[in-house]
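Read off the chains here:
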Amino acid sequence: MEFKFFVGVDVSKDTLDFAVYAEEKLQLERHTTNDAAGIKDFLKELKKTFSTQPKDFIFCMEHTGIYGNHLLQHLGKQEIAVWLENPLSIKTYFGIDRGKSDRVDAQRIAEYAYYKRSKIRIWDAPRDVVQKLKNLLSIRDRLVKTRKALQASITSADGFVDKDLVNTNKKITEPIIEKLNVQLKIVEKKIQELINQDPGLKHLNTILNSVTGIGAIVSANIIVATNEFKDIDDPRKMACHSGLAPFSYTSGTTIRGRSKVSHRANKKLKTLFHLAARSAITAKGELREYYSRKITEGKNKMAVLNAVGNKIIHRAFACIKENRLYEKNYVPVLVKA
């Protein structure tokens, strides 16, 4: 798909900064409010200024959160293409920053989109049910994080703080933790109900849950992260995105660093796949045998867990691609020519 105009957008809670790039130069800049009125006014001006069709534009913005939702909704209604990009990709493209403002950021995003147009990835808006699932998972994450912090306040103080203070802390904190546990069960029940009510989500969830190590929460997060396997359909990309794919560090004949994973990854997914790996190696089967063998060989435990998580990802994606449940002793069907 060929685009004539590349619109960079810097998004903040209250305002939007737009920069239009075409023919190797900046064509237009605007600063608007982040609401329906501001967005509609800019889109009208855009069409009037350039006298062209919506299909000629692509809007590029950083994939940062909820503040871009108003704009995404309006662009979707007018069938204007959107490219959501990782902020780190844009930052590394321009190198060292010399000054920063919303206006400059919009210009940089527009310029990035123009010169990287051969790498365009059109954003496929998630279905409403997937967005609801994402929101429920976010609520669960906050509850888990809060519970962890409260539990740490008890365990870390024990033995270092006056016993009366420790007991007072426990008396106040433990009922809150119990309440959080109740709320977590409610949220997890709602997550499962939402998945079961939608045939598409239910089908994907059933396949993913058949893979050793993948449970309800890991499955739901995979569905959201891949946008039902529309945005990410390659297991190698998922492993890289999750920080589980090892990269070699060599140069010439002098540098021979050991292969290691990149820190530029989705830390939440990495944690979830580590949990899945830990679950898998407790179950009787190939993955537990693999883990034990590698540890006996003297391999680093974390590196082996990464490898187990990588194997889980490849198994899950293979099952989704072939639309089947995971089978430990699966034999591919040979098709006669």
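Residues numbered from 1 in each chain as written. Predicted model: local features only at pLDDT ≥ 70, side-chain atom pairs only at ≥ 80, totals over all residues. Heavy atoms only, no water.

1. A look at the pairing of strand β5 (residues 81-85)
- Counting buried residues in β5 gives five out of five residues, a clear majority hidden from the surface.
- Alternating residues of β5 divide into Ala81, Trp83 and Glu85 and Val82 and Leu84, and every residue in both groups is buried.
- Bridge analysis of strand β4 (residues 57-62) against β5 gives five bridges, and the strand direction is parallel. Within β5, the position partnered with Phe59 by the bridge is Val82. (Buried < 20%, exposed > 50% of the residue type's maximum accessible area, 1.4 Å probe, protein only. Helix = DSSP H or I, 4+ residues; strand = E, 2+ residues; numbered from the N terminus. Pairing = 2+ DSSP bridges.)

2. Brief notes about the packing of aromatic side chains
- Applying the stated criterion across every chain, the model contains 14 aromatic pairs.
- Judged by centre distance (5.3 Å) and plane angle (50 degrees), the ring pair of Tyr21 and Tyr114 falls under tilted. With Tyr21 in strand β2 (residues 15-22) and Tyr114 in helix α4 (residues 102-115), this residue pair connects regions lying 93 residues apart in the sequence.
- A relative accessible area of 9% places Tyr21 in the buried class. (Phe/Tyr/Trp six-rings, centres within 6.5 Å; stacked < 30°, edge-to-face > 60°.)

3. With respect to the confidence of the model for the chain
- For the chain, per-residue confidence averages 89 on the pLDDT scale, and residues scoring 70 or more make up 89% of the total.
- When mean pLDDT is compared element by element in the chain, helix α7 (residues 199-209) scores highest at 97, while strand β7 (residues 255-261) scores lowest at 52. (pLDDT = per-residue confidence, 0-100.)

4. Things to note about unusual backbone geometry
- Positive phi is not limited to glycine here, since Asn227 has a value of about 55 degrees.
- When you line up the elements, Asn227 lands in the loop between α8 (216-226) and α9 (235-241).
- For Asn227, a relative accessible area of 3% gives the class buried.
- One non-glycine residue, Phe229, adopts positive backbone phi at about 65 degrees.
- Within the secondary structure, Phe229 is located in the loop between α8 and α9.

5. Side note on the pattern of salt bridges
- For the structure shown, the criterion picks out 13 salt bridges.
- Here Arg127 ties to Glu228 by a salt bridge, and the two come within 2.7 Å at their closest N and O atoms. Residue Arg127 is located in the loop between α4 and α5 (128-155), and its partner Glu228 is located in the loop between α8 and α9; the two are separated by 101 residues in the primary sequence.
- Residue Arg127 is classed as partly exposed on the basis of its relative accessible area of 31%. (Salt bridge = Lys/Arg side-chain N within 4 Å of Asp/Glu carboxyl O.)

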